[in-house]
Amino acid sequence: MAYRIMLVENDRLLLEQIANVISSTDGFELVARYQTVSDALGQGSVFHPNIIMLDVDHPRAFAAIGTFHANYPETVIICMGEEWQADRATHCVRSGASGYIVRPSTTQELKESVETYAKSGMEFASETMAFFSAKGKSGKSTLIANLALALGRRSGEQVGIIDADLQFGDMTVFFSLEPSMTIYEAVRDIKYLSPVTLKPYFTPVNDNVHVLCGTRTPNLIDRISIEGFESLLEMAQSLFRYVLIDIPPGFNPTSIAAVEKAKSTYVVTMLNGAYEIQHAQRALEVMNSLDNHEERVHTIFTRVQSTDIAARHQLETELGYPVAAMIPNEYLTVSKAANDGRMAVDIEPDSPLTRSVNKLAETIMGKKHIRWAKP
Amino acid sequence: MGDQDNARNGVVITFFSTASAVGKTLIACNMASEIARNATVCLVDLDLQFGDVANYLQLQDEYTIADVERDMNVQGDSCEVAPFLTLYEHGQVAFYCLTSPKDVAEAYNIKTKTVQQIIRQLQSMFDYIIIDTTSMFSELNLAMLDMSTIVNFLGIVDFIPTIKNMKIGTDTLKRLGYDTQKIRLVLNRSDSKTNIGMDDVERVLGQPFYHILPNDFRAASQSIQDGVPLVLSNGSTRLAASLRELVDLYTDGRMGSRHQEHQDAAASHSLLGRLFGR
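Residues numbered from 1 in each chain as written. Chains lettered and ligands numbered in written order. Predicted model: local features only at pLDDT ≥ 70, side-chain atom pairs only at ≥ 80, totals over all residues. Heavy atoms only, no water.

(A) Quick peek at the overall build of chain B. On a plain count of helices and strands, chain B comes out with 13 helices and 8 strands. A burial count over chain B gives 59% of its 278 residues as buried. Summarising the internal contacts of chain B: among those between residues at least 6 apart in sequence, 80% fall at separations of at least 24. For chain B, the accessible area works out to roughly 12100 Å², and carbon and sulfur atoms hold 47% of it. (Helix = DSSP H or I, 4+ residues; strand = E, 2+ residues; numbered from the N terminus. Buried < 20%, exposed > 50% of the residue type's maximum accessible area, 1.4 Å probe, protein only. Contact = heavy atoms within 4.5 Å. Areas by Shrake-Rupley, 256 points an atom, 1.4 Å probe, with all protein chains shown as cover.)

(B) Representation of the sheet that holds strand 13 (residues 325–328) of chain A within the structure. Residues and elements named next belong to chain A. Within the open sheet, the 8 strands sit side by side as 8-9-7-10-6-11-12-13. Their pairing is mixed. With partners counted over all chains shown, the strands left at the sheet margins are strand 8 (203–204) and strand 13, one partner each. As paired strands, strand 6 (residues 127–132) and strand 10 (residues 242–246) are joined by 5 bridges and run parallel to one another. Within strand 10, the residue paired with Thr 128 across the bridge is Val 243. Docked against the sheet, helix 11 (residues 226–236) engages strand 7 (159–163), strand 9 (209–212) and strand 10, running at close to 170 degrees with respect to strand 7. (Pairing = 2+ DSSP bridges. Axes fitted to C-alpha atoms, helices over the stretch in contact; angles between N-to-C directions.)

(C) Focus on the packing of helix 1 (residues 24–35) of chain B against helix 11 (residues 238–251) of chain B. All names here are of chain B. One way to put it is that helix 1 packs onto helix 11 with a least axis distance of 10 Å and a crossing angle of 65 degrees. Crossing geometry of helix 1 relative to helix 11 is assigned as right-handed. Judged by residue contacts, Ile 27, Asn 30, Met 31, Glu 34 and Ile 35 of helix 1 engage Leu 243, Arg 244, Leu 246, Val 247, Tyr 250 and Thr 251 from helix 11. Split by residue class, the contact of helix 1 with helix 11 holds 7 nonpolar, 2 polar and 2 charged. (Left-handed = near helix turned anticlockwise from the far one by under 90°. Nonpolar A, V, L, I, M, F, W, Y, C, P; charged D, E, K, R; others polar.)

(D) Quick peek at the environment of B:Lys174. Residue and element names in this part refer to chain B. Within the secondary structure, Lys 174 is located in helix 7 (residues 160–175). Taking the relative accessible area as the measure of exposure, Lys 174 reaches 46% and is therefore partly exposed. Residues Lys 174 and Pro 83 lie 91 residues apart in sequence; the distance between their C-alpha atoms is 38 Å. Ignoring any residue separated from it by four or fewer positions in sequence, one finds Lys 174 in contact with Leu 205 and Gln 207.

(E) Structural context of the side chain of A:Ser141. Residues and elements named next belong to chain A. Position of Ser 141 among the secondary structure elements: in helix 7 (residues 140–155). For Ser 141, a relative accessible area of 10% translates into the label buried. Among the polar contacts made by the side chain of Ser 141, one reaches the side chain of Asp 246 at a distance of 2.7 Å. With residues up to four places along the chain from it excluded, the contact list for Ser 141 reads Asp 170, Met 171, Phe 174 and Asp 246. (Polar contact = N/O pair within 3.5 Å; in protein donor to acceptor, adjacent residues only side chain to side chain.)

(F) Inspection of the interface of chain B and chain A at higher detail. Taken residue by residue, the interface counts 35 residues in chain B and 30 residues in chain A. Summed over both partners, the interface of chain B with chain A buries about 2800 Å², with 58% contributed by carbon and sulfur atoms. Per-residue buried area on chain B facing chain A is highest for B:Phe50, B:Tyr108 and B:Phe159; these three make up 22% of the total on that side. Our count for the chain B to chain A interface comes out at 4 salt bridges. Across the salt bridge formed by A:Lys135 and B:Asp52, the nearest N and O atoms sit 3.2 Å from each other. Linking chain B with chain A are 15 residue pairs in polar contact (both at pLDDT 80 or more), by the criterion used here. Elements represented by at least two residues in the side of chain B that touches chain A include exactly helix 2 (53–56), helix 4 (104–108), helix 7 and helix 9 (217–226) of chain B. The dominant element in the side of chain B that touches chain A, judged by the number of residues it contributes, is helix 7 of chain B, at 8 residues. Of the residues belonging to the side of chain B that touches chain A, the class tally is 14 nonpolar, 13 polar and 8 charged. (Buried area = accessible area lost by both parts, 1.4 Å probe. Salt bridge = Lys/Arg side-chain N within 4 Å of Asp/Glu carboxyl O.)

(G) Spatial organisation of the sheet that holds strand 2 (residues 41–45) of chain B. All names here are of chain B. Spatially, the 8 strands line up as an open sheet ordered 3-4-2-5-1-6-7-8, and their pairing is mixed. With one partner strand each, in any of the chains shown, strand 3 (86–90) and strand 8 (211–213) form the two edges of the open sheet. Mean inter-strand twist for the sheet, computed between neighbouring axes without regard to direction, equals 25 degrees. Summarising the sheet, strand 2 and strand 5 (residues 128–132) pair through 5 bridges and their orientation is parallel. Its bridge partner being in strand 5, Val 44 is matched across the sheet by Ile 131.

Note that every value here comes from positions in space, so none of it alone points to a role or purpose.
Okay, structure coming up:
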């Protein structure tokens, strides 16, 4: 499909520049251009644009997004501005636009921006999930990798993994990726990025799942600012329907920032016959101070021997908190898969492990409340 | 005491890893127990947020390292660590522990400088200080690696992500410029079924394992349930024997003379009692 663009830009010089970019981009046709909102609203329909690029730095245009949407219900509206602003992007999308971009200055930027939002629209109801563990070896990275694939497959939506286990992130190994960019570069550049320009920092696993890989060496942890990391999490929410964040074990500036920014947090624990439940309780106590913690904080147990109702009941009683999911013990499948750079949900699609991961994916998609029947 | 010429600083043995759940705490508890047969020992739990030393030894610890931190903030350099230690006793063996905070917020606020000061003080009181850590390169862990006489870098062979993290760990330690003599690569054989060969791991890490602990998952987990370190409860297992070999490697000939000295002090922990003025 050829893009038929109507350009609405208040600044005379920028109007000229962007018009040039559009005209010189393959597959794009500039059908109309206006400096004022009134002209665009009154005359543009004659040219049947399928995309409206609207400069919302101008207050009048910013206020008129809804009117454009009402007058051009079939047309994709992409708002443009000088710089990326998350709250502004949210306002644009809520008013009926498909996305908000930084004004494109090259044909490539234009293509990427328009293609990103013309297809699926910008996310503003993204589910961000942080996966917390008290200590290492909780099975959380394995869970995240498998869950991301299940979510992508079952929902058909865009899923992003952010590997913020900054020193020992495992996603590159799990998916056998050779990333050209990592979280280090993304956080370093974040001030100059918008969602569209952030996306190439993610390495694709398939059409739906994209990974922002962890740092290459552990010392880079010092160069990842928490402020930059928080902006990254915010921006990723406009790219993906589901964002899964892998964080370092325990409470540290990175894990705390992720838990605070995420809509929900999963405390992941592997039962190894020592004091794992006590550690999970201690972590949950700390998270009690979060607003709405009962809705936001969930627990998952991995490598569980028995996943039946009685076992769940016993675990919930001991823990004193509802258990959202129990992932059965399939050590051999999981480790063999990880060694080969593949995923358990792929190589054993009918196994109990895959079923439990799929069930968790369904719950997340349905946003069903996980209720706890007090024993 | 206090005579500078005779002052001697104890040996600091740290258990560190960049892979998780490799048995740091279990091995640290056992090593403390074994060394304590012949020397004075303090075991320090620096997994501040989720430490397991008090759990594994089933200690009723009244005070933790958080209390030392508080006291140091008030008293400064004149703060004494001794009153905050918890004694562990089993039969004739006894050693002291400085346990981790009960509260995550307390743990979060413990300063590296405080811990360094604590370890220095403990070095003037004990022959051996055994330190349990977390599996990451944090400011605190790096400070402890600096202060250590010996670092046991513990490894496990299960699946590729673990090997990758161990590789990152050993490479980083090399870059940090520690003497190769100081860092000892110790393999803890887990029960994990794996087709990754040990030689392959040694090749990837670019060095052989200094010591290998045999796989005895059942004995190890039983000791956690009982709260009694393996070398004390059932010294005849292969794991206990191997742990003892490791202790011998670190204590070398010195142990013999200390042993005599220790025997002279009559009861096994009267020496400790004297130290603390009890």
